Amino acid sequence: MSSPTPSTTLAPMAGVESSWFIMWTFSFPMIWLVLTIIYNLYFHPLAGVPGPRSWGALRLRYVWALVSGTIVHDFEKLHHRYGPVVRVAPSELSFTTPDAWTDILQPGRTPPLPKDGRWSIPGLKAQGIVNIVDLDLHGRVRRLIAPAFTTSALRGQEPILQQYITLLMDRLRDLVTTENNGTDGVEIDVVPWFNFVTFDMLGDLAFGESFDCLHTSRYHSWIELLTNTPKAGAFAAAALFYPLFASALKYLIPASLKNKVLDHVRVVSEKVERRLNLESTRSDIMSHVIKQIESDGLEGLTMDHVNATFMVLTIAGSETVATTLCGIVNYLAQNPSKLSILTHEIRSHFSNPHEMTLERLKGMLYLNAVIDEGLRLCPPVPWLPPRVAANGGSVVCGIPLPGRTAVSILTYAMGRDPNNFHDHLSFVPERYLPEAKTDPQSPFFNDRRHSYHPFSLGPRICIGLHLGMAQMRLILARLVWEFDLKPPTEHRKTQWEKLRTFILVEKNEIFVNFKLKEGLWTTEMKSSASS
Ligand code: HEM
């Protein structure tokens, strides 16, 4: 009897082995996935915190919300359903309780919880102030730039702010008069204009050079790249939650984009260097930094830290102010009775724009109430970037958190919470007037104004708070002094609640109807419009 050939005996065995191999290859990750889900849902230390199973089982649902720009509205819905503390990922909680501000940000006491390093900008030699995780390093960078943001420094910077606001008014006046003689209203998309003015101001204050957006009525190419940074940041952070995907991403990013980012870093360094070498007596942000370096040196920092900080300042100091202004003007145009109170306050106090100094505008009660109400309904940082619990664990709002648990605060939902604010979804600046705080008959007497912090709190509170408030006061006052504003046609109205968020709010077009104030339509303007 002839013995079987090897091929006839081995073939079935090889088939069995390869099918085992295939089965293991596919089933091992499946088993791992199922075990992870079971652990996260039933055995994880945060398993008892309220939240939907689909978000607590894996981080996929969170990442999807992040890259689709729906994270803020999704979190808000979860808070409505599950309460003030929600588990939004296996090891991340979102808070809307007032105590979260103090427990997480620790104003004036023990060090705050550090930022979550997964949100840093990848590929930089050093992080800028907003993204630095190390508390000591952050403190040194903050000390270097802080003198540029005091109220007395702001007084020196006022002429620069006024110069750009005048230019903005000139541009808007041109648009209104050339489009239809200024007599009927003109619908203007305010988004680019508020971005132009805030970027130009920041360019001048930080680098001693405007970006010339207002002069050219166009975004500087650099600004276009910068405004996409938060969106790219959301995608980069999403990738970092899955390290395998993050390394693949490195190879997927087109070389042209990588080069653009490198170019961008190079341009900032050149701008910083040019300004540092400029012999000038002007008072801007850099003049204070130069004085600080001359007196205390760089305190162990490198120029990479300075450059990265000036890069983030350009965004943090302009997008935020532009977004809030868009929100405020959108609400004002759609609430004519509130707009007319503001317009009356400004026009009755000032007979010409030169009288509108920062000092005098600080005392305009309704103007300030309008800004506070705008910040409540349209916070430009609607979701405070996550912090992490200490390695050995921390306690936030009475909940013991395992080490490295991420925690975030949903500012947007806190501002719109009926438990915090009466008539919570309406635009009512009156809630911020002094009488609402002192008159028990006021429907807003019990509003929890103290529980809302659009500029954050503690050692990482917004450094540009005074500057931002100054820009908003000046721009709004000049706008209502010069123009009669009205809502746009119905199909062009914007509902703020529908905007997406990629770390910062994504603004599309926001139309407002502009008409020159009665009496500003001078003979000179008429002839230049008709020529
Ligand atoms: C409407 C105006 C503004 C609002 C509502 C606002 C809000 C905020 C918030 C909530 C934070 C905390 C972010 C975090 O902890 O992750 C922050 C930080 C910061 N903001 Fe603002 N901001 C505004 C305007 C400005 C301006 C005008 C500047 C500067 C020119 C600026 C510069 C910064 C910087 C540098 C930080 C980081 C501070 C640190 O980490 O120490 N902001 N801002």
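Residues numbered from 1 in each chain as written. Predicted model: local features only at pLDDT ≥ 70, side-chain atom pairs only at ≥ 80, totals over all residues. Heavy atoms only, no water.

Inclusion rule: UniProt positions are given in the numbering used here, feature names are shortened, and annotations may be inferred rather than shown by experiment.
Under an unreviewed UniProt entry, the name given to the protein is Cytochrome P450, and the source organism is Podospora pseudopauciseta. According to UniProt, the comment filed for the protein under the heading Cofactor (unreviewed entry) is "heme".

1. Looking at the overall build of the protein
Stated precisely, the cut-off is as follows: What counts as a helix is a DSSP run of H or I of at least four residues, what counts as a strand is a run of E of at least two, and both are numbered from the N terminus. Throughout, exposure labels follow a simple rule: accessible area from a 1.4 Å probe, protein chains only, divided by the maximum for the residue type, with under 20% read as buried, over 50% as exposed, and the rest as partly exposed. Contact criterion: two residues are considered in contact whenever any of their non-hydrogen atoms come within 4.5 Å of each other. Per-residue and other accessible areas follow the Shrake-Rupley method at a 1.4 Å probe size, with only the shown protein chains counted as cover for residues.
Within the protein one finds 22 helices and eleven strands. Among the 531 residues that make up the protein, the fraction classed as buried is 52%. Nonlocal contacts in the protein, meaning residues at least 24 apart in sequence, comprise 75% of its contacts between residues at least 6 apart. Roughly 24,700 Å² of accessible area belongs to the protein as shown, and the carbon and sulfur atoms make up 60% of that amount.

2. Some remarks on the site of the ligand
Definition in use: Nearness of a residue to a molecule or strand requires only that one of the residue's heavy atoms be within 4 Å of it. Side-chain atoms alone can form a polar contact between residues adjacent in sequence; in general such a contact is a pair of N or O atoms within 3.5 Å, and within protein one must be able to donate a hydrogen while the other accepts it.
The environment of the ligand is formed by 30 residues, the closest being K115, H138, R142, R387 and C462. Separating an oxygen atom of the ligand from a side-chain N or O atom of K115 is a distance of 2.6 Å. One of the side-chain nitrogen or oxygen atoms of R387 is found 2.7 Å away from an oxygen atom of the ligand. No other element matches the four residues that helix α21 (residues 465-482) contributes to the shell around the ligand.

3. Here we look at the coordination of the iron atom of the ligand
Under the convention used in this document: Metal donors were taken as nitrogen, oxygen and sulfur atoms no farther than 2.8 Å from the ion, or 3.2 Å where the ion is Na, K or Ca. Water is excluded, so coordination may look unfinished.
A lone protein donor binds the iron atom of the ligand: C462 (SG), at 2.3 Å. Here C462 lies in the loop between α20 (434-438) and α21.

4. Regarding the environment of D284
Its place among the elements puts D284 in the loop between α12 (255-277) and α13 (285-296). Considered as a pair, D284 and L205 are 79 residues apart in the sequence and their alpha carbons are 4.8 Å apart. There is a polar contact of 2.5 Å between the side chain of D284 and the side chain of R282. A polar contact is formed between the side chain of D284 and the backbone nitrogen of M286, at a distance of 3.2 Å.

5. Side note on empty space enclosed by the protein
Our working rule: Using only the protein atoms, space was sampled on a 1 Å grid; points where a 1.4 Å probe fits but cannot get out form cavities, open sets with protein on both sides within 12 Å along at least five of seven lines form pockets, and lining residues are those with an atom within 4 Å of a point. Grid points are joined across faces, edges and corners, and a volume is the space filled by probe spheres set on the points. Put simply, Ala, Val, Leu, Ile, Met, Phe, Trp, Tyr, Cys and Pro go in the nonpolar bin, Asp, Glu, Lys and Arg in the charged bin, and everything else, Gly too, in the polar bin.
Scanning the model with the defined rule gives four cavities of 30 Å³ or more in all. In this model, the largest cavity occupies a volume close to 50 Å³. Lining the largest cavity are V72, H73, P382, Y412, W496, L499, T501 and V505. Partitioned by chemical class, the residues of the lining of the largest cavity number six nonpolar, two polar and no charged. Around the second largest cavity, the lining residues are R140, R143, L144, Q292, D296, G297, L298, E299 and L301. The set of elements that each furnish at least two residues to the lining of the second largest cavity consists of α6 (135-145) and α13. The biggest single contributor to the lining of the second largest cavity is α6, with three residues. For the lining of the second largest cavity, the per-class residue count stands at three nonpolar, two polar and four charged.

6. What about the sheet that holds strand β3 (residues 186-189)?
Stated formally: We treat two strands as partners when DSSP finds at least two bridges between them. All axes here are fitted lines through C-alpha atoms, helices being fitted over the stretch that makes contact, and every angle between N-to-C directions spans 0 to 180 degrees.
In spatial order, the strands read β3-β11-β8; together these three strands make up an open sheet with antiparallel pairing. The open sheet has two edge strands with one neighbour each: β3 and β8 (483-486). Across the sheet, the axes of successive neighbouring strands diverge by a mean angle of 40°, strand direction being ignored. Examined bridge by bridge, β8 and strand β11 (residues 511-516) share four bridges and lie antiparallel to one another. For D484, the partnering residue across the bridge sits in β11 and is K515.

7. Some words on α6
By the criterion of burial, α6 is predominantly enclosed, with eight of the eleven residues buried. Buried residues belonging to α6 abut α13 and α14 (303-316). If you check the start of α6, you find a side-chain oxygen 3.2 Å away from the backbone N of D136, and it comes from D134.

8. A short note on the packing of aromatic side chains
Worth spelling out the cut-off: Stacked, tilted and edge-to-face pairs are distinguished by plane angle, under 30 degrees for stacked and over 60 for edge-to-face with tilted covering the rest, among Phe, Tyr and Trp rings (Trp via its six-membered ring) whose centres lie within 6.5 Å. Comment: the charge-over-ring label is applied if NZ (Lys) or CZ (Arg) is within 6 Å of the ring centre and within 35 degrees of the ring normal.
Across all of its chains, the model carries eleven aromatic pairs by this definition. Pairing F207 with F211 gives two aromatic rings, centres 6.4 Å apart and planes at 75°, and the pair type is edge-to-face. The same class applies to F207 and to F211, which are both buried. Among the aromatic residues, ring-to-ring pairing joins W55, Y62, F75, W119 and W383 into one connected group. Above the plane of the ring of Y62 lies R59, whose end atom (NZ or CZ) is 4.5 Å from the centre. Over the face of the ring belonging to W481 we find K517, whose NZ or CZ atom lies 3.6 Å from the ring centre.

9. Quick notes on the sheet that holds strand β4 (residues 384-388)
Spatially, β1-β2-β7-β4 is the arrangement adopted by the four strands of the open sheet, whose pairing is mixed. Strands with a single pairing partner mark the edges of an open sheet, and in this sheet they are β1 (85-89) and β4. Across the sheet, the mean angle from the axis of one strand to that of its neighbour is 30°, orientation sign disregarded. Note that β4 and strand β7 (residues 406-409) share three bridges and pair antiparallel.

10. A closer look at the side chain of R275
Note that R275 resides in helix α12. Under the relative-accessibility criterion, R275 is labelled buried at 1%. Contact partners of R275, with chain neighbours within four places excluded, come to A206, F207, G208, R282, D284, M286, S287 and I290.

11. Points about a nonpolar patch on the surface
To keep it simple, the criterion reads: A patch consists of residues exposed above 30% relative accessible area that lack any salt bridge, with like charges linked at up to 9 Å and nonpolar side chains (Val, Leu, Ile, Met, Phe, Trp, Tyr) linked at up to 5 Å. The salt bridge definition used is simple: a Lys or Arg side-chain nitrogen within 4 Å of an Asp or Glu carboxyl oxygen.
Side chains of W20, M23, W24, F28, I31, W32, V34, L35, I38, Y39, Y42 and F43 sit close together on the surface and give an oily, nonpolar patch of about 1,400 Å² of accessible area. One can find F28 in helix α1 (residues 6-43).

12. Observations regarding the pattern of salt bridges
Following the criterion strictly, the structure yields 26 salt bridges and no others. R282 serves as the salt-bridge partner of D284, at 2.5 Å between the closest nitrogen and oxygen. With a relative accessible area of 0%, D284 lands in the buried category. The salt bridge involving E373 is made with R376; its shortest N-O contact spans 2.9 Å. Here E373 and its partner R376 are both found in helix α18 (residues 365-377), three residues apart, which amounts to about one turn of the helix. Neither residue differs from the other here; E373 and R376 are each classed as buried. Where salt bridges share partners, they join D170, R173, R478 and E482 into one cluster.

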